[in-house]
Amino acid sequence: MSDEKQSITIDVVSDAVCPWCFIGQKRLDKAVAAVPEVDVQIRWRPFQLDPTIPLEGKDRKQYMLAKFGSEERLRQIHANIEPLGAAEGIDFDFDAIKVSPNTIDAHRVMRWASAAGAEVQNKLARRLFQLYFEEGQNIGDHAVLTEAAREAGMDAPVVEAMLATDTDRDAVANEAATASRMGITGVPCFLLEGKYAVMGAQESDTLADAIRQIAGAKARGELETAAG
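Parameters at a glance
Residues numbered from 1 in each chain as written. Predicted model: local features only at pLDDT ≥ 70, side-chain atom pairs only at ≥ 80, totals over all residues. Heavy atoms only, no water. Pairing = 2+ DSSP bridges. Helix = DSSP H or I, 4+ residues; strand = E, 2+ residues; numbered from the N terminus. Axes fitted to C-alpha atoms, helices over the stretch in contact; angles between N-to-C directions. Parallel < 35°, antiparallel > 145°, perpendicular 65-115°, else oblique. Left-handed = near helix turned anticlockwise from the far one by under 90°. Contact = heavy atoms within 4.5 Å. Nonpolar A, V, L, I, M, F, W, Y, C, P; charged D, E, K, R; others polar. Phe/Tyr/Trp six-rings, centres within 6.5 Å; stacked < 30°, edge-to-face > 60°. Buried < 20%, exposed > 50% of the residue type's maximum accessible area, 1.4 Å probe, protein only.

*Asks:* Before we move on, could you go through the sheet that holds strand β2 (residues 38–46) and cite the residues and values that matter?
*Replies:* Strands sit in the order β2-β1-β5-β6 across an open sheet of four strands; the sheet is mixed. With partners counted over all chains shown, the strands left at the sheet margins are β2 and β6 (196–199), one partner each. Strand-to-strand twist across the sheet, computed as the mean angle between neighbouring axes with direction ignored, equals 25°. Pairing geometry for strand β1 (residues 6–14) and β2, over nine bridges, is parallel. Pairing of S14 across the sheet is with P46, part of β2.

Written out as structure tokens, the structure reads:
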């Protein structure tokens with residue numbers, strides 16, 4: 001095997017309002033750090049847990065109670081997730097979240113971030129998770145999204161202007177729908193080299209092993225050419 005670094009691409013199918021996606025992002029970062037011999041390119045792909053939420057969002061408490069049935073059940077779910085987040089350095093503050101947003105606009109900004117480079121998109125993905133889960137911000141709000149884009153290194157006035165239009169709304173909705181048609185019913189989903197799927201917020205060791213295996217197979221010429 002040559003000394004040249006092997007590179008692989010991981011498409012992360014995710015929604016910024018999914019706590020498991022936030023945990024998955026942290027675990028993926030650890031996995032990538034554990035395989036310095038592989039150059040991992042990360043791309044974020046859209047998925048909407050609930051595309052039926054109106055663009056102005058819904059009251060989170062009412063929305064979650066309707067979804068899970070009781071406050072006790074909701075508290076139990078949050079209590080299960082919080083220590084898992086803490087282990088990954090996440091300070092979940094579910095009580096701070098007042099609005100359950102429609103994430104179509106967040107995904108539009110993520111799409112534009114990809115044009116600015118993988119590092120910009122990665123920064124934005126991390127910031128959106130923080131804003132929603134740690135700071136209780138409404139990531140359906142255009143002002144919040146514009147500021148997050150600025151922090152990630154994007155041109156804020158351009159993002160603000162584009163958000164006011166329907167630019168890429170259909171493209172994002174179609175891409176999210178395609179993920180569902182591919183059989184992705186839950187997120188996060190990590191697609192390695194466009195075809196090998198690791199479902200759920202797997203432990204970082206599991207992700208690191210998958211990266212090593214796919215990179216090794218690619219180096220040996222054992223991977224079929226992935227479509228797309």
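*Asks:* How would you summarise the packing of helix α5 (residues 118–134) against helix α6 (residues 142–152) if you had to cite specific residues and measurements?
*Replies:* Packed helices, taken two at a time, are described by their axes: the angle between them and the distance between them. Axis separation between α5 and α6 bottoms out at 9 Å; the angle between their running directions is 135°. Relative to α6, α5 is oriented oblique. Crossing geometry of α5 relative to α6 is assigned as right-handed. Side by side, α5 and α6 meet where V120, K123, L124, R127, L128 and L131 of the first sit next to V144, L145, A148, A149, E151 and A152 of the second. Considering only residue class, the contact of α5 with α6 consists of nine nonpolar, no polar and three charged.

*Asks:* Can you break down the packing of aromatic side chains residue by residue, with the values?
*Replies:* Evaluated as defined, the whole model comprises eight aromatic pairs. Both rings, one in F92 and one in F133, keep their centres 5.3 Å apart while their planes meet at 90°; by these two values the pair is edge-to-face. In this pair, F92 is assigned in the loop between α3 (71–87) and β4 (99–100) and F133 in helix α5, connecting sequence segments 41 residues apart. Residue F133 is classed as buried on the basis of its relative accessible area of 1%. Centroid distance F94 to F133: 6.1 Å. Interplanar angle 80°. Geometry classified as edge-to-face. In this pair, F94 is assigned in the loop between α3 and β4 and F133 in helix α5, connecting sequence segments 39 residues apart. Of the two residues, F94 and F133, neither departs from the other in class, the shared state being buried. Through pairs of rings, three or more aromatic residues link up here, namely F22, W44, F92, F94, F129, Y132 and F133.

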